[in-house]
Amino acid sequence: TRSLTITSVDQSMFEKAQGEKVTLPCTFELSEEDEGPLDIEWVLIPADNQKREQIIIMYAVDRIYNHYYAALTGRMQFTSLDPRSGDGSLDILNLKAADTGTYQCKVKKAPGVQSKKIQLTVLVKPARTKCSIEGSQEIGKDVTLKCVSQEGSPLLSYDWRRVSGTQNLPATSTLNKNTGELLLKNASREYSGTYSCVASNRVGTDECSVELNVTPPVNTAAIIIGAIIGTLLGVSILCSIIFCFCKKHREKKYEKEVHHDIREDVPPPKSRSSTARSYIGSNRSSLGSMSPSNMEGYTKTPYSQVPSEDFERAPAQSPAFAPSKVAAPNLSRMGAVPVMIPAQSKDGSIV
C-alpha cells in the first residue's frame, strides 16, 4: 500500500552564522489512500534525553499555530503560504546561538505518518578582536604580539601578517594559531612596523592591528639617578614648607600671649611710695636756695607724716582747715620766697 513520503532528504545538517536566516526543508507527497486531515508539526528535540520534545509550530485543520515556543515567536514561519501544496519547510529568521539544536518535521495524513530530523548549528562570528604587545620593545629583547576575540564560536583560528614593509613575518617569529600569540625573539629595528591579526571560524572573520616600534635600550642608570634627585628635591621642599608653617604658627601664638598679658591703653596704678617721693621732691625744689643758717625757724615735717595717696585723690572730703601761722625766718636777704608747709596735729588732722 502506497502512503505519503517526505521527499527532501538531501541535507540534514546546517551551519549558519548568528543573525542570518535558515530554511529547514520538509517537502512531501500525498497518496490516494491518505484521506484523513493533514497535520504538519515542527518540534525541537533537546540534547538532554530526559526532557520532552517541544512543539514550536503546527499546521492543522487549515490553520497555523505558532505560539507554543516563546523563544522563536515572531522569528519563524512556514516557507509556503499554503502547506497543503506539499511544502512544509520552516524559515527561522535572525538566528541566535540558542537556536542550535535538532529539529524534526512530522507530516500526518491518516493513515500515513512520516518524519525527518535536521541538525542546526548556529555559530557566532569573531567580533571585538583586540591586538596588544607584551614585553619590552627594545633591541635584543623578546616581544609577544597577542590577538584575542571577545566573541566567536569555536574553533577560532588566528593568523598574523605584516602590513608595512615586507609581507613576510620575521625569521625568528613563532605563531600559535590557537592562542593568537606571535613571539618575536631577539627583536631588531627591522622588526618595527604594523602587524595585523585575522581571527576566523567557519562563519566569518574579524581583524585588528598593532604598531611595533623597536628602540635602543633605555639608560636605566640615568633614570634611577634622576628619580633619586627628584625625590630628594621634593623632600627638601616639603621640609621647607613645614618649617615655615611651624614658624608662622609660633609667631601667631606669641602675639596672642602678649596681647592677653599686656594692655598698652591702661596706665599702671600709682603706688604710695611714688606719691611720697613726688611730694618730697617738690618740697626740696622749693627749698633748694635755702641755707642751713636760715632753716632754724622753719618747721620740719617728718617723712612718716607725708600725705597719703587718699589725701591727694580726694581733697574735697578732707575737713576744712586754716593754715597755721608759722614764723618764717628772714629770707629776704637770700631772695627766697616763703613756702607754706602743711603740718599734722596731735589728733592726726592736717593743719
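Residues numbered from 1 in each chain as written. Predicted model: local features only at pLDDT ≥ 70, side-chain atom pairs only at ≥ 80, totals over all residues. Heavy atoms only, no water.

For the chain, the name recorded in an unreviewed UniProt entry is CXAR protein, with Phainopepla nitens as its organism.

Before we go on, may I ask you to explain the overall build of the chain in this structure?
Scanning the chain for helices and strands turns up three helices and 18 strands. The buried share of the chain, reckoned over its 351 residues, is 28%. By sequence separation, contacts in the chain at least 24 residues apart represent 58% of the contacts at least 6 residues apart. Of the roughly 23,500 Å² of accessible surface on the chain, 55% is carried by carbon and sulfur atoms. (Helix = DSSP H or I, 4+ residues; strand = E, 2+ residues; numbered from the N terminus. Buried < 20%, exposed > 50% of the residue type's maximum accessible area, 1.4 Å probe, protein only. Contact = heavy atoms within 4.5 Å. Areas by Shrake-Rupley, 256 points an atom, 1.4 Å probe, with all protein chains shown as cover.)

What exactly am I supposed to notice about the side chain of Gln 104 here?
In this fold, Gln 104 is placed in strand E10 (residues 101-109). The buried category is assigned to Gln 104, whose relative accessible area is 8%. At 3.4 Å, the side chain of Gln 104 forms a polar contact with the side chain of Ser 115. Non-local contacts of Gln 104, meaning those with residues more than four positions away in its chain, are made with Glu 41, Trp 42, Val 43, Ile 45, Glu 53, Ser 115, Lys 116 and Lys 117. (Polar contact = N/O pair within 3.5 Å; in protein donor to acceptor, adjacent residues only side chain to side chain.)

Any chance you could explain the confidence of the model for the chain here in plain terms?
Low pLDDT means the predicted coordinates in that region are not meant to be read closely. When pLDDT is averaged along the chain, the result is 79, and 71% of the positions lie at 70 or above. Taking the mean pLDDT of every element in the chain, the minimum, 44, falls on helix H3 (residues 309-313) and the maximum, 97, on strand E9 (residues 90-92). Contacts of residues 278-337 to residues separated by more than four positions or lying in other chains number 42 contacts, the stretch itself having pLDDT below 50. (pLDDT = per-residue confidence, 0-100.)

When you look at the pairing of strand E16 (residues 181-184) in this model, what are you seeing that I'm missing?
Residues in a regular strand point their side chains to alternate faces of the sheet. On E16, burial follows the alternation: Leu 182 and Leu 184 on one face are buried, whereas Glu 181 and Leu 183 on the facing-out side are not. Note that strand E13 (residues 143-151) and E16 share four bridges and pair antiparallel. Following the sheet pairing, Leu 145 is matched in E16 by Leu 182. Between strand E15 (residues 173-176) and the antiparallel strand that follows it, E16, lie four residues; Gly 180 among them carries a positive phi value of about 80°. (Pairing = 2+ DSSP bridges.)

What is the right way to read the state of the cysteines from this model?
Two cysteines joined by a covalent bond between their sulfur atoms form a disulfide. One pass over the full model with this rule turns up three disulfides. The disulfide partner of Cys 26 is Cys 105, and the gap between their sulfur atoms is 2.0 Å. On the sign convention where negative means left-handed, the S-S torsion of about -70° between Cys 26 and Cys 105 marks this disulfide as left-handed. With Cys 26 in the loop between strand E3 (22-24) and strand E4 (28-29) and Cys 105 in strand E10, the pair connects residues that are 79 residues apart, well separated along the chain. Note that Cys 131 is cross-linked by a disulfide to Cys 208, the S-S spacing being 1.8 Å. One disulfide, between Cys 131 and Cys 208, carries an S-S torsion of 75° and so falls in the right-handed class. Highlighted residues: Cys 131 in strand E12 (residues 127-134) and Cys 208 in strand E18 (residues 204-212), separated in sequence by 77 residues. We note that Cys 131, like Cys 208, is buried. (Disulfide = S-S within 2.5 Å.)

Honestly, the pairing of E18 in this entry has me stumped. Any pointers?
Pairing of strand E17 (residues 193-201) with E18, which is carried by nine bridges, proceeds in the antiparallel orientation. Considered in E18, the bridge of Tyr 195 is made with Val 210.

Explanation requested: the pattern of salt bridges in the structure shown.
A side chain of one charge can pair with a side chain of the opposite charge if their charged atoms are brought near each other. If you walk through the whole model with that rule in mind, you get 10 salt bridges. Measuring nitrogen to oxygen at the nearest pair gives 3.0 Å for the salt bridge that ties Arg 75 to Asp 99. In this pair, Arg 75 sits in the loop between strand E7 (63-65) and strand E8 (76-78) while Asp 99 sits in the loop between E9 and E10, placing the two residues 24 residues apart along the sequence. Judged by relative accessible area, which is 5%, Asp 99 ranks as buried. Between Glu 151 and Arg 128 there is a salt bridge, and its shortest N-O distance comes to 3.6 Å. With Glu 151 in strand E13 and Arg 128 in strand E12, this pair connects stretches of sequence that are 23 residues apart. Arg 128 gets classed as exposed once you look at its relative accessible area, which sits at 54%. Through salt bridges with shared partners, a single ionic network connects Asp 62, Asp 82 and Arg 84. (Salt bridge = Lys/Arg side-chain N within 4 Å of Asp/Glu carboxyl O.)

Just checking my understanding: could you explain the environment of Gly 88 for this structure?
Counting through the fold element by element, Gly 88 comes out in the loop between E8 and E9. Considered as a pair, Gly 88 and Phe 28 are 60 residues apart in the sequence and their alpha carbons are 7.6 Å apart.

So what exactly am I meant to see when it comes to the sheet that holds E18 here?
The pairing of strands in a sheet comes from backbone hydrogen bonds and takes either a parallel or an antiparallel form. Strand order in the open sheet formed by three strands is E14-E17-E18, and the pairing between neighbours is antiparallel. Looking at which strands have only one partner, the edges of the open sheet turn out to be strand E14 (157-162) and E18. The sheet shows a mean angle of 20° between the axes of neighbouring strands, taken without regard to direction. (Axes fitted to C-alpha atoms, helices over the stretch in contact; angles between N-to-C directions.)

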